[in-house]
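# Structural overview
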Amino acid sequence: MSRKHHHLKGAEVSCCVKYFLFGFNIVFWLLGAAFLGAGLWAWAEKGVLSNLSAITDLGGFDPVWLFIVVGGVMFILGFAGCIGALRENTLLLKFFSVFLGLIFFLELTTGILAFVFKDWLKDQLNFFINSNVKAYRDDIDLQNLIDCAQEYWSCCGAHGPDDWDLNIYFNCTEPNPSRERCGVPFSCCIKDPAEDVINTQCGYDVRLQKLDWQKYIYTKGCVGQFEKWLQDKLIIVAGIFVGVALLQIFGICLAQNLVSDVKAVKANW
């Protein structure tokens, strides 16, 4: 009898692991809910929720998708890990571990493929940017994303300002009635430190005078500038990826440890 009592006493769920995993996941759960809520709110503001066909109407990339997908994944993972830890539910904990392991595997595979197929990835990035240049005026979120990227990397277009010929509002063809004809977005303009107010018309007609481009706008393409930035910030970017990977591995180990504890307790019932 004493041996049985001693065995039961030795098999117990670690409160430290349980509540640490609970706290670890409740943060992700709340962040996921915030991202998901922001994405749905943005779609509601643009009328997408009342007209779901509008999701496929945009020719370029809708940045709201980032909030929806990332928020959705974080919400599901956070819910499974949080409730699984709190209720000691092995099914939810296993789902959390497998789902997180799958994400880690996909990230690892993507990183390896990106390194092996660098030229292909560069072509895809070029295609992606040009596709979004075409749809620049179609969506305000996409427009803000492109403006932010061009300002941050001091670039214009995928390979240069002439890429804006792909956009119906900025192309230099004679039949184009747009006032922005042969121009570029204001985010391509070199900012004057003395100006407090952004001049949104600074890019008008600027491509009509190619000799003076460098005085007024950025002439380097965003693909090249992004590559340069990636090389300059390689240690920081690599550190972020390693940090995320370690967090994922840590979460999987905690969940598996808790599953083992729960099974050990149930085995003695």
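An account of the accompanying structure is given in this report. Here the structure is a predicted model, which is why all the values come from computation and not from measurement. (Residues numbered from 1 in each chain as written. Predicted model: local features only at pLDDT ≥ 70, side-chain atom pairs only at ≥ 80, totals over all residues. Heavy atoms only, no water.)

## Observations regarding the nonpolar core
Rule in force here: Working definition of a nonpolar core: buried Ala, Val, Leu, Ile, Met, Phe, Trp, Tyr and Cys residues. They are joined through side-chain atoms within 4.5 Å. For the exposure calls, accessible area comes from a 1.4 Å probe over protein chains only, and a residue counts as buried if that area is under 20% of its type's maximum, exposed if over 50%, partly exposed in between. Comment: elements are numbered from the N terminus, with helices defined as DSSP H or I runs of at least four residues and strands as E runs of at least two.
Within the largest apolar cluster, 20 residues are counted, with the highest numbers of intra-cluster contacts made by Ile-129, Cys-156, Trp-164, Val-184 and Ile-217. Those elements that provide at least two residues to this core are α6 (118-134), α7 (140-153) and α9 (222-232). Formed by 15 residues, the second largest nonpolar core is a distinct cluster that contains Val-17, Leu-21, Ala-85 and Leu-100.

## Here we look at the pattern of salt bridges
Convention followed: Within this document, salt bridges are pairs made up of a side-chain nitrogen of Lys or Arg and a carboxyl oxygen of Asp or Glu, the two lying within 4 Å of each other.
If you walk through the whole model with that rule in mind, you get nine salt bridges. Between Arg-207 and Asp-165 there is a salt bridge, and its shortest N-O distance comes to 3.0 Å. Within this pair, whereas Arg-207 is found in the loop between α7 and α8 (213-216), its partner Asp-165 is found in the loop between α7 and α8, the two being separated by 42 residues in sequence. Given the relative accessible area of 4%, Arg-207 is considered buried. A relative accessible area of 33% places Asp-165 in the partly exposed class. Among the salt bridges present, the one from Arg-181 reaches Glu-174, with a minimum N-O distance of 3.4 Å. By relative accessible area, Glu-174 is classed as exposed at 68%. Sharing partners across several salt bridges, the network here consists of Asp-162, Asp-165 and Arg-207.

## Points about unusual backbone geometry
At Cys-182, a position not held by glycine, the phi torsion is positive, near 60°. Within the fold, Cys-182 resides in the loop between α7 and α8. Looking at Cys-182, the relative accessible area reads 4%, which means it is buried. You will see that Asp-205, though not glycine, has its phi angle at about 60°, which is positive. For Asp-205, the position within the fold is in the loop between α7 and α8.

## Side note on the environment of Ala-264
Position of Ala-264 relative to the elements: it lies in helix α10 (residues 234-266). Residues Ala-264 and Glu-12, spaced 252 residues apart in sequence, show a C-alpha to C-alpha distance of 7.4 Å.

## Quick notes on the state of the cysteines
Spelled out, the test is: When two cysteine sulfur atoms are found within 2.5 Å, that pair is recorded as a disulfide.
The full count for this structure, using the stated rule, is four disulfides. Cys-189 shares a disulfide with Cys-202; S-S distance 2.1 Å. Across the S-S bond linking Cys-189 and Cys-202, the dihedral sits near 105°, which makes this disulfide right-handed. Of this pair, Cys-189 sits in the loop between α7 and α8 while Cys-202 sits in the loop between α7 and α8, and the two are 13 residues apart along the sequence. Residue classification places Cys-189 among the buried residues on the basis of a relative accessible area of 3%. The partly exposed category is assigned to Cys-202, whose relative accessible area is 26%. Cysteines bonded in the protein chain are numbered consecutively along the chain; their disulfide partners then correspond to 1-8, 2-5, 3-4, 6-7. Cys-16 carries a free sulfur, and the closest cysteine sulfur to it, the one in Cys-15, is 8.8 Å from it.

The values reported here are purely geometric and, on their own, carry no functional implication.
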